[in-house]
Amino acid sequence: QVQLVESGGGLVQAGGSLRLSCAASGSIFSINAMGWYRQAPGKQRELVAAITTSGSTNYASTYYSDSVKGRFTISRDNVKNTVDLQMNSLKPEDTAVYYCAARYYGDSDYKYWGQGTQVTVSS
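These figures come from a predicted structure and were not determined experimentally.

Engineer: Explanation requested: the overall build of the chain in the structure shown.
Structural biologist: A tally of helices and strands in the chain yields zero helices and eleven strands. Relative to a compact globule of 123 residues, whose C-alpha radius of gyration would be 14 Å, the chain shows 14 Å and is just as compact. Summarising its shape, the C-alpha atoms of the chain cover approximately 40 × 30 × 25 Å along the three principal directions. Burial statistics for the chain: of 123 residues in total, 44% are counted as buried. Expressed as a percentage of contacts within the chain between residues at least 6 apart in sequence, the contacts between residues at least 24 apart total 54%.

Next comes the structure, spelled out in structure tokens:
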């Protein structure tokens, strides 16, 4: 089992920045990738960024959705067991609950989730 705890959400004006952090504990050596999802009211949960967690941080593979590419950056710290999401040039449409998720080796889906943190971008 993996426990994930997010932090760093809040209220920011459009054009501003926020940094989310996700701390993982438990069976972290079985984690192959971690991602950040978001869910806005009335919308489906979507994957906005993901990063592989094995090997050197210099060679981590990353994924970004088109809606955040160029504005968000995902990074990991294998010593602290954290994955951060730096969000710049925020837009009102980025308003959502953001969830950290972990995927085990051999799994096709993210099965472990944090409790979520609210990000609100005002216009």
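What follows picks up the thread again.
Engineer: Can you walk me through the sheet that holds strand β7 (residues 72-77) in this structure?
Structural biologist: Pairing between sheet strands relies on hydrogen bonds along the backbone, with the strands arranged either parallel or antiparallel. On the basis of which strands lie adjacent, the open sheet formed by four strands has the order β1-β3-β8-β7 and antiparallel pairing. Whereas interior strands pair on both sides, the edge strands pair on one side only; in this sheet they are β1 (2-7) and β7. Neighbour to neighbour, the strand axes of the sheet diverge by 15° on average, direction disregarded. Pairing of β7 with strand β8 (residues 82-87) involves six bridges; the strand directions are antiparallel. Looking across to β8, one finds that Thr-73 is bridged to Gln-86.

Engineer: Please explain the pairing of strand β4 (residues 31-39) as it appears in this structure.
Structural biologist: On a regular strand, each side chain points to the face opposite its neighbour's, so the side chains alternate between the two faces of the sheet. The buried fraction of β4 is high, at eight of nine residues. As paired elements, β4 and strand β9 (residues 96-104) share eight bridges and run antiparallel to each other. Counterpart to Trp-36 in the pairing with β9 is Cys-100. Direction of pairing for β4 relative to strand β5 (residues 46-52): antiparallel, over a ladder of six bridges. Its bridge partner lying in β5, Trp-36 is registered against Ala-49.

Engineer: Before we go on, may I ask you to explain the state of the cysteines in this structure?
Structural biologist: Note on terminology: a disulfide is the covalent bond linking the sulfur atoms of two cysteines. All chains considered together, the criterion is met by one disulfide. Across a sulfur-sulfur distance of 2.0 Å, Cys-22 and Cys-100 are joined as a disulfide pair. Judged by the sign of its S-S torsion, about -80°, the cystine formed by Cys-22 and Cys-100 is left-handed. Separated by 78 residues along the polypeptide, Cys-22 in strand β3 (residues 18-26) and Cys-100 in strand β9 bring together distant segments of the chain. Taking the relative accessible area as the measure of exposure, Cys-100 reaches 0% and is therefore buried.

Engineer: How should the pairing of β1 be read in this particular structure?
Structural biologist: Only one face of β1 is buried, namely the one carrying Val-2, Leu-4 and Glu-6, since none of Gln-3, Val-5 and Ser-7 on the opposite face is buried. Pairing between β1 and β3: six bridges, direction antiparallel. Residue Val-2 lies in a different strand from β3, and its bridge partner there is Gly-26.

So, how was this worked out
Residues numbered from 1 in each chain as written. Predicted model: local features only at pLDDT ≥ 70, side-chain atom pairs only at ≥ 80, totals over all residues. Heavy atoms only, no water. Helix = DSSP H or I, 4+ residues; strand = E, 2+ residues; numbered from the N terminus. Rg over C-alpha atoms; globule rule 2.2 N^0.38 Å. Buried < 20%, exposed > 50% of the residue type's maximum accessible area, 1.4 Å probe, protein only. Contact = heavy atoms within 4.5 Å. Pairing = 2+ DSSP bridges. Axes fitted to C-alpha atoms, helices over the stretch in contact; angles between N-to-C directions. Disulfide = S-S within 2.5 Å.

Bear in mind that shape data such as this cannot, by itself, settle questions of function.
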